[in-house]
Structures are given as C-alpha cells and as structure tokens.
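Per-entry structural report
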Amino acid sequence: MFLQKLAQGGLITIEYYRNGILRTLKGRVYQLNLKKQVISLIDEKQVLHSIRLSGIKQIH
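Along every chain, residues carry numbers that run from 1 in the direction the sequence is written. Per-residue local features of the predicted model are confined to residues with pLDDT of at least 70, and side-chain atom pairs are confined, for both listing and counting, to 80 or more; whole-chain, interface and lining totals are unaffected and use all residues. Only hydrogens and water are removed before side-chain values are computed, so all heavy atoms of the structure are retained for them.

1. Quick word on the pairing of strand S4 (residues 48-52)
- Inspection of the sheet shows strand S3 (residues 38-43) paired to S4 by 5 bridges, in the antiparallel sense. Bridged to leucine 41 within S4 is histidine 49. Strands pair, by our definition, only if DSSP identifies at least two bridges between them. Runs of E in the DSSP output that reach at least two residues are strands. Runs of H or I that reach at least four are helices, and both are numbered from the N terminus.

Rendered as structure tokens:
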C-alpha cells in the first residue's frame with residue numbers, strides 16, 4: 001500500500017479537511033493505524049497531529 005511507503009520516507013505535506021475547513025500540514029509520519037484509519041504526523045515544532053484518512057485531499 002502506498003501509505004506504508006510514505007511512512008518510510010521523510011517530510012510530506014498533507015492537505016486535509018477538518019470540520020469542513022481545508023488545512024495543510026507538513027511533517028513526518030509518526031504512526032499509521034489502518035485499523036482506525038488514522039495517520040499521525042509530527043510537524044516541524046515536534047507537535048503530534050492525527051488525521052483521518054477519509055479527510056485527506058492530497059499528499060505531496
């Protein structure tokens with residue numbers, strides 16, 4: 001699966017929807033939970049963010 005390959009790489013940028021608002025987050029993949037359909041990223045300030053896979057619009 002392509003998401004598992006992203007978890008092995010470096011910095012990625014994700015555009016995603018949260019509460020109807022399009023947001024952008026740049027960081028490294030911390031954890032990928034396919035059972036809960038959530039990807040966790042650590043941003044440049046070392047803050048952990050969890051994003052539902054269904055809300056992702058685009059990954060760079």
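So, next bit.
2. A word on the confidence of the model for the protein chain
- Scored between 0 and 100, pLDDT is the confidence that the predictor attaches to each residue. Of the residues in the protein chain, 93% have a pLDDT of 70 or more, and the chain-wide mean is 90.
- By mean pLDDT, the top-scoring element of the protein chain is S4 (96), and the lowest-scoring one is helix H1 (residues 2-8) (70).

3. A word on the nonpolar core
- Definition used in this section: a nonpolar core is a set of buried Ala, Val, Leu, Ile, Met, Phe, Trp, Tyr and Cys residues joined via side-chain atoms within 4.5 Å. For the exposure calls, accessible area comes from a 1.4 Å probe over protein chains only, and a residue counts as buried if that area is under 20% of its type's maximum, exposed if over 50%, partly exposed in between. With 10 residues, the main nonpolar core is built from Ile12, Ile14, Tyr16, Leu25, Val29, Ile39, Leu41, Ile51, Leu53 and Ile56.
- Residue assignment for this core shows that the elements contributing at least two residues are strand S1 (12-18), strand S2 (21-33) and S3.
- Residue contributions to this core peak at 3 residues, all from S1.
- What makes two residues a contact is simply this: any of their non-hydrogen atoms within 4.5 Å. The residues touching isoleucine 12, leaving out its near neighbours within four places in the chain, are Leu6, Leu25, Lys26, Gly27, Val29, Leu41, Ile59 and His60.

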